[in-house]
Amino acid sequence: RGGTVGEYRGDRRYCVRIDHERKRDRWRVCGYFRGYYQATRAQSQARTQRTAERIADVLWAAWLAGEIEPPEDAPETVGELVAAFCGRDLTGTGRPLSAHTVRAYRSHLQALIATVGGGASLHDVSPEHVKAAAMRPASAASRASYLRSIRCCYAWAMREGFAHQNPAEGVIIARPRRKIGPY
């Protein structure tokens, strides 16, 4: 059978996926902890689906036998999510985060924490909370920057498996006017 199999085995903490790469005509097996995809991914390749399933079964058995060490617990509150997001070392493309970028993220995401509270569940954040947090600064350019930071944080949380949806998706605020140069 062709196409993606998707999640082959999984529980609340660990997942084993099998995906078919049509262009290369091979199967990719990936085991990882939910919420820690980038940091805990174990990956292998196979030429047939049957071999890929055997590899996936070995990974799953190793998890069940306790041979794979779980990472620390995933963030559950908005404050923990912001701390994890700002505490990471690399961007999604693998480049190091600059100190200035981290400072800006932390500053912008404090508006979200102030709006919903640091102890609120990260799943309870609604688009209305995001819009209220993004509307805190006075200038339109700052508002857009706050919204970008919140979107980026939740996009990262979704990639890592911490969140199932991005509450900032679809939130629209007035765009800043473009400054026209004197020439």
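Preceding this paragraph is the structure being described.
## Examining the overall build of the protein chain
Right, on to step 1. Secondary structure assignment for the protein chain yields 6 helices and 4 strands.
Right, on to step 2. Of the regular secondary structure in the protein chain, the N- to C-terminal order runs β-β-β-α-β-α-α-α-α-α.
Right, on to step 3. Whereas a compact globule of 183 residues would reach a radius of gyration of roughly 16 Å, the protein chain reaches 20 Å, over 25% beyond that.
Right, on to step 4. Its C-alpha atoms give the protein chain principal-axis dimensions of about 65 × 45 × 30 Å.

## Comments concerning the packing of helix H5 (residues 127–134) against helix H6 (residues 140–160)
Right, on to step 1. Remark: H5 packs on H6, axes separated minimally by 8 Å, with the N-to-C direction vectors making an angle of 140°. With respect to H6, the axis of H5 lies oblique. Note on element contacts: H6 touches H5 through Arg143, Tyr146, Leu147 and Ile150, opposite Val130, Ala133 and Ala134.
Right, on to step 2. Looking at side-chain class alone, the contact of H5 with H6 contains 6 nonpolar, no polar and 1 charged residues.

## Describing the pairing of strand S1 (residues 6–10)
Right, on to step 1. Two strands pair when backbone bridges link them, and S1 and strand S2 (residues 14–21) are joined in this way by 4 bridges, in the antiparallel orientation. Within the sheet, the bridge partner assigned to glutamate 7 lies in S2 and is arginine 17.
Right, on to step 2. Taking the residues that link successive antiparallel strands as the turn, the S1-S2 hairpin has 3 residues.

## Here we look at the packing of aromatic side chains
Right, on to step 1. Scanning the entire structure with this criterion turns up 7 aromatic pairs.
Right, on to step 2. Relative to tyrosine 105, the ring of phenylalanine 85 lies with its centre 4.9 Å away and its plane at 55°, an arrangement referred to as tilted. Here tyrosine 105 lies in helix H4 (residues 99–116) and phenylalanine 85 lies in helix H3 (residues 78–87), a separation of 20 residues in the sequence.
Right, on to step 3. We classify tyrosine 105 as buried; its relative accessible area is 16%.
Right, on to step 4. Following the ring pairs from residue to residue traces out a cluster consisting of Tyr14, Phe33, Trp60 and Trp63.

## Things to note about the pattern of salt bridges
Right, on to step 1. Within the structure shown, the criterion is met by 5 salt bridges.
Right, on to step 2. Measuring nitrogen to oxygen at the nearest pair gives 3.8 Å for the salt bridge that ties arginine 28 to aspartate 19.
Right, on to step 3. Residue classification places aspartate 19 among the buried positions, given a relative accessible area of 10%.
Right, on to step 4. Overall, the relative accessible area of 22% leaves arginine 28 in the partly exposed class.

## Observations concerning the state of the cysteines
Right, on to step 1. Taken as a whole, this structure holds 0 disulfides when the rule is applied.
Right, on to step 2. Here cysteine 86 stays free of any disulfide, with the sulfur of cysteine 153 as its closest cysteine sulfur at 6.9 Å.
Right, on to step 3. When its relative accessible area of 5% is taken as the criterion, cysteine 86 is described as buried.

Basis of the calculations
Numbers given for residues are sequential positions, taken from 1 along each chain in its written order. Whole-chain, interface and lining totals are the exception, using all residues; otherwise, since this is a predicted model, local features are given only for residues with pLDDT of at least 70 and side-chain atom pairs are given and counted only at 80 or more. Note that water and hydrogens are dropped before the side-chain values are worked out from all heavy atoms of the structure. Counting from the N terminus, the helices are DSSP H or I runs at least four residues long and the strands are E runs at least two residues long. C-alpha atoms define the radius of gyration, and 2.2 Å times the number of residues to the power 0.38 defines the globule rule. Each axis is a line fitted through C-alpha atoms, and for a helix only the stretch in contact is used; angles between axes span 0 to 180 degrees, taken between their N-to-C directions. These descriptions rest on fixed angle ranges, namely under 35 degrees for roughly parallel, over 145 for roughly antiparallel, 65 to 115 for roughly perpendicular, and the rest for oblique. Residue contacts follow a heavy-atom distance rule, with two residues in contact if any of their heavy atoms lie within 4.5 Å. Each residue is assigned to one class: nonpolar for Ala, Val, Leu, Ile, Met, Phe, Trp, Tyr, Cys and Pro, charged for Asp, Glu, Lys and Arg, and polar for all the others, Gly among them. When DSSP finds two or more bridges between a pair of strands, those strands are recorded as paired. Here a Phe, Tyr or Trp ring, Trp counted by its six-membered ring, pairs with any other such ring whose centre lies within 6.5 Å, and the pair is stacked when the planes are under 30 degrees apart, edge-to-face when over 60, and tilted otherwise. The buried label goes to any residue with under 20% of its type's maximum accessible area, the exposed label to any with over 50%, and the partly exposed label to all in between, with areas taken from a 1.4 Å probe on protein chains only. By definition here, a salt bridge exists when the distance from a side-chain nitrogen of Lys or Arg to a carboxyl oxygen of Asp or Glu is within 4 Å. Two cysteine sulfurs form a disulfide in these notes if their separation is within 2.5 Å.

Don't take any of this as a statement about function, it's just geometry.
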